[in-house]
Amino acid sequence: MSTEQLSPGTAPPEGPPSPAVIEELVENARAHAAEFDNGDLPLPPRRKLAVLACMDSRLDIFAMLGLGVGEAHVIRNAGGVVSDDMIRSLALSQRRLGTRSIMLVHHTDCGMQVVGDEEFRESLRREVGEEPSWDVPTSMDLAESVRKSMQRIRTSPFIPYTDDVHGFIYDVATGELTRVT
Ligand code: ZN
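Everything quoted here is computed from the prediction, not taken from an experiment.

Rules used in this analysis
Residues numbered from 1 in each chain as written. Predicted model: local features only at pLDDT ≥ 70, side-chain atom pairs only at ≥ 80, totals over all residues. Heavy atoms only, no water. pLDDT = per-residue confidence, 0-100. Contact = heavy atoms within 4.5 Å. Donors = N, O, S within 2.8 Å, 3.2 Å for Na, K, Ca; no water. Buried < 20%, exposed > 50% of the residue type's maximum accessible area, 1.4 Å probe, protein only. Salt bridge = Lys/Arg side-chain N within 4 Å of Asp/Glu carboxyl O. Helix = DSSP H or I, 4+ residues; strand = E, 2+ residues; numbered from the N terminus. Core = buried A, V, L, I, M, F, W, Y, C linked by side-chain atoms within 4.5 Å.

Draft legend 1. Local environment of the confidence of the model for the chain. Of the residues in the chain, 88% reach a pLDDT of 70 or more, and the chain-wide mean stands at 89. Taken as a whole, residues 1-6 scores under 50 in pLDDT and shows 3 contacts with residues more than four places along the chain or in a different chain.

This is the structure we're talking about:
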């Protein structure tokens, strides 16, 4: 297996993914089920916490925060931006499943920063002939984008509990988590 690292904006390797990857994962799931002992966890997250984060594959949210299974909702998308769908998930998380605290995690070297929304939209328009309906705002300034995201959460009428909203930047090179004030 290649250990070559892809920098953001670098094209992924050519060709379709190998079906063997999925078979391997299904086998892993079988082994997981054989040793499974979390069947009695309650539905509401034990820590009353929702974590909003980027989908970046280098962010291991559970390991980073020392969270266990059943302790938090982890809601992820490209950039960890507070989109309408993020709000939908948060609204359900707070109103139906009892979460109260919100932790927002953006990170360095994010693909969203490299690509840029306008460039991405334009490339889609050229390739498929129409623009997507979704809007994904990007910002080159990480702290600023975290602040904007926190503001979107705090001002959403659908999110009832906004006293405990915290923003952070995760450094993918050092593993350090820094609070945005
Ligand atoms: Zn990212």
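There's plenty left to go through after this.
Draft legend 2. Representation of the coordination of the zinc ion in the model. Around the zinc ion, the protein supplies Cys54 (SG), His107 (NE2) and Cys110 (SG) as donor atoms, at distances of 2.0 to 2.2 Å. Motif for the zinc ion, donor spacing along one chain: C-x52-H-x2-C. The buried category is assigned to Cys110, whose relative accessible area is 6%.

Draft legend 3. Geometry of the pattern of salt bridges. Evaluated as defined, the whole model comprises 11 salt bridges. Among the salt bridges present, the one from Glu27 reaches Arg30, with a minimum N-O distance of 2.5 Å. With Glu27 and Arg30 both in helix H1 (residues 19-34), this residue pair falls 3 residues apart, about one helical turn. Overlapping salt bridges, with partners in common, bring together Arg46, Arg47 and Glu71 in one network.

Draft legend 4. Up close: the nonpolar core. Judged by nonpolar contacts, the single largest core of 19 residues is most densely connected at Leu52, Val82, Leu90, Ile102, Leu104, Ile153 and Ile159. Contributing elements (two or more residues each) for this core: strand S1 (49-54), helix H3 (84-95), strand S3 (101-107), helix H6 (142-155) and strand S4 (165-170). No other element matches the 5 residues that H6 contributes to this core. What Ile159 contacts, discounting residues up to four positions off in sequence, is Ile87, Leu90, Ala91, Gln94, Arg95, Ile102 and Ile153. Residues Leu59, Ile61, Met103 and Cys110 belong to the second largest nonpolar core, which totals 15 residues.

Draft legend 5. Structural view of unusual backbone geometry. Positive phi values are uncommon outside glycine, yet Lys48 reaches one of about 50°. Inspection of the secondary structure puts Lys48 in the loop between H1 and S1. Classification of Lys48 by relative accessible area gives partly exposed; the value is 47%. Even without being a glycine, Asp109 presents a positive backbone phi close to 60°. Along the chain, Asp109 falls in the loop between S3 and helix H4 (111-115).

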